[in-house]
Amino acid sequence: MIQFFFSRLLLLLLWMLPLLAPAQQLIESATLVPAADQWLQPGDRLQVRLKGRPGSQVTFYRGQQLTELPGQRGTYQGTYVVQPGDTLRNRPITFQLVAADSTRATAVSKNRIRLLSPNEPQLAQTTSNLSYLNYGLGEDRLGGAKTGYLDSAVVLHLTGRVGNLYRVQLAATQTAWIPQDQVRLLPPGGFVPTSLTGSWDVRGDSLTDYVRVPLTARLPYRSQILSHPTRLEVDIFGATSNTNWITQRDGLQALGDVHYEQVAPDVFRLVLLLKHVQSWGYHIGYKGNTLEVQVRRPPAKLRLRGLVVAVDAGHGGTNVGATGSTGTHEKDLTLAIARQLQQELERRGARVVMTRTDDASLEISDRVRQLRRARPHLLVSIHVNSSGSAATQGTSTYYRYVAFRPLSAALYAQMRRTGLRGAGNVGSFNFGLNGPTEYPNALVETAFVSNPDDEKRLLDPAFQREMATRMAEGIRDFVRGTRAKGLKGWLLGKPALQ
Ligand SMILES: [Zn+2]
């Protein structure tokens, strides 16, 4: 019985040997770098890595050789620069290995490559007015660093893909990346989007100043506010000037001088000087194919009374946020503090817009949409921090754009007066509610629920009220600070409130 079993096993092994042995012994792994489905165009690098038997000859696409890394026997890397005329229609890459003893093996990558032909430009269109571009392929809990939002139906020229991100060719020397789910691919045969710019219309109505630039297509754009002097710059990609005049009508209150620069053959820059040192926000979108920049004015009276303040309680519903040692959920703490802040602001005559008043589940995009409709003068988002180290504690504030730094700086200074330790005022923060440009905004990470001292305070209703009072005072300080700066600061070129 036993003998019979062994002889069968031996036969089975002998039968399997030619199937298993070569592949397993010669090639351990063969991958693209990065290990993701990719679209490449001529000039791009196709990078690969293979682990296999040391001392072999290894080749991949078009017979290109891999090099065995000195000091890492058995690890081979190769680069192939895609040439015009190369074709691969969503195919894996095949590797050939020839060992020193002439035994051979082949392997196929798990991920696939599509080589794009510049003669058949791949176009796509943004699907919502909260579409956004990323600078690169970065990824963390906040997502890749964002360059900014785009309107819907903006036409993009895609020249690559890595995993679920498409590379967007903005201009000859500028690219960005956009998540796959933000666009729909357009059928072949379209032209790479370009446009001449028409003559601008610059005007103000009772609420807002407007700059309108007629184009023949919805082109991508990027914007930023700069200081000394305070100005808004908007780059339109693929646009070339045919702007022969700029009509500036009556009623402008936020806009000073406006002009443009053709900073590259395919980059048209609007330069909009702002009359006030403090920007109260702006919105960029399309009306038909006309790009419209709405520049918001300062509130009629620079004081808390009458100000529309949005208060955002972080997390909610199924998104509980951080959890403290006593089982406290961040979502409950943020709502309690937000309610206190609402009361405090209303007591001082402000009108408060709450993103949530109960245990609702709300996505960041729901909140941003809701706030776009509510048009607040400013926003404070309230969260509770958490760290893997129980020793980490303190309060911190966050802003994304330098123009809105004075708000978070004022909130930080007041929050420090609660006696909480200082964990800093943090800039360029890639948090969804720091993304809107429509109103000054700041995030307050009140304290660390993961620290026993901070947690005790966060749970204390009296301390919650104190934090709310401090935040209200911070908002008041910010508004007063902008009043003090006013137009004079602009004329003197003084820096924004520290
Ligand atoms: Zn949070």
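I will try to describe carefully the structure that is included in this document. Fair warning: this is a prediction, and the values are worked out from it, not measured in the lab.

## Regarding the sheet that holds strand β27 (residues 308-313)
Backbone hydrogen bonds hold the strands of a sheet together, and the pairing may be parallel or antiparallel. An order of β28-β27-β29-β32-β30-β31 is seen for the 6 strands of this open sheet, with the pairing classed as mixed. Two strands bound the open sheet, and with one partner strand each, they are β28 (351-354) and β31 (422-426). In this sheet, adjacent strand axes meet at a mean angle of 20° when their direction is disregarded. Two elements, β27 and β28, share 4 bridges in a ladder whose sense is parallel. Bridge pairing in β28 links Ala310 to Val353. Across the sheet, helix α5 (residues 452-459) lies against β29 (378-385) and β32 (441-448), angled at about 115° from β32, the strand it touches most.

## With respect to the coordination of the zinc ion
On the protein side, the zinc ion has His315 (NE2), Glu330 (OE) and His383 (ND1) as donor atoms, found 2.1 to 2.2 Å from it. Read from N- to C-terminus, the donor residues coordinating the zinc ion fall into the pattern H-x14-E-x52-H. Pair noted here: His315 is in the loop between β27 and α2 (330-347) and Glu330 is in helix α2, with a separation of 15 residues, a long-range link. Note on accessibility: His315 and Glu330 belong to one class, buried.

## Concerning empty space enclosed by the protein
In total, this model carries 2 cavities of 30 Å³ or more according to the counting rule given. Roughly 60 Å³ of internal volume is contained in the largest cavity. Every residue lining the largest cavity is listed: Ala254, Leu274, Lys275, His276, Gln278, Ser279, Trp280, Val295, Arg296 and Pro298. Residue classes in the lining of the largest cavity are distributed as 5 nonpolar, 3 polar and 2 charged. What the second largest cavity holds in volume is close to 40 Å³. Around the second largest cavity, the lining residues are Gln224, Ile225, Tyr282, Tyr401, Ala403, Phe404 and Thr437. Of the residues that constitute the lining of the second largest cavity, the class distribution is 5 nonpolar, 2 polar and no charged.

Conventions used here
- Residues numbered from 1 in each chain as written.
- Predicted model: local features only at pLDDT ≥ 70, side-chain atom pairs only at ≥ 80, totals over all residues.
- Heavy atoms only, no water.
- Pairing = 2+ DSSP bridges.
- Helix = DSSP H or I, 4+ residues; strand = E, 2+ residues; numbered from the N terminus.
- Axes fitted to C-alpha atoms, helices over the stretch in contact; angles between N-to-C directions.
- Contact = heavy atoms within 4.5 Å.
- Donors = N, O, S within 2.8 Å, 3.2 Å for Na, K, Ca; no water.
- Buried < 20%, exposed > 50% of the residue type's maximum accessible area, 1.4 Å probe, protein only.
- 1 Å grid on protein atoms, 1.4 Å probe; cavity = no way out; pocket = protein on both sides within 12 Å on 5 of 7 lines; lining within 4 Å.
- Points joined across faces, edges and corners; volume = space filled by probe spheres on them.
- Nonpolar A, V, L, I, M, F, W, Y, C, P; charged D, E, K, R; others polar.

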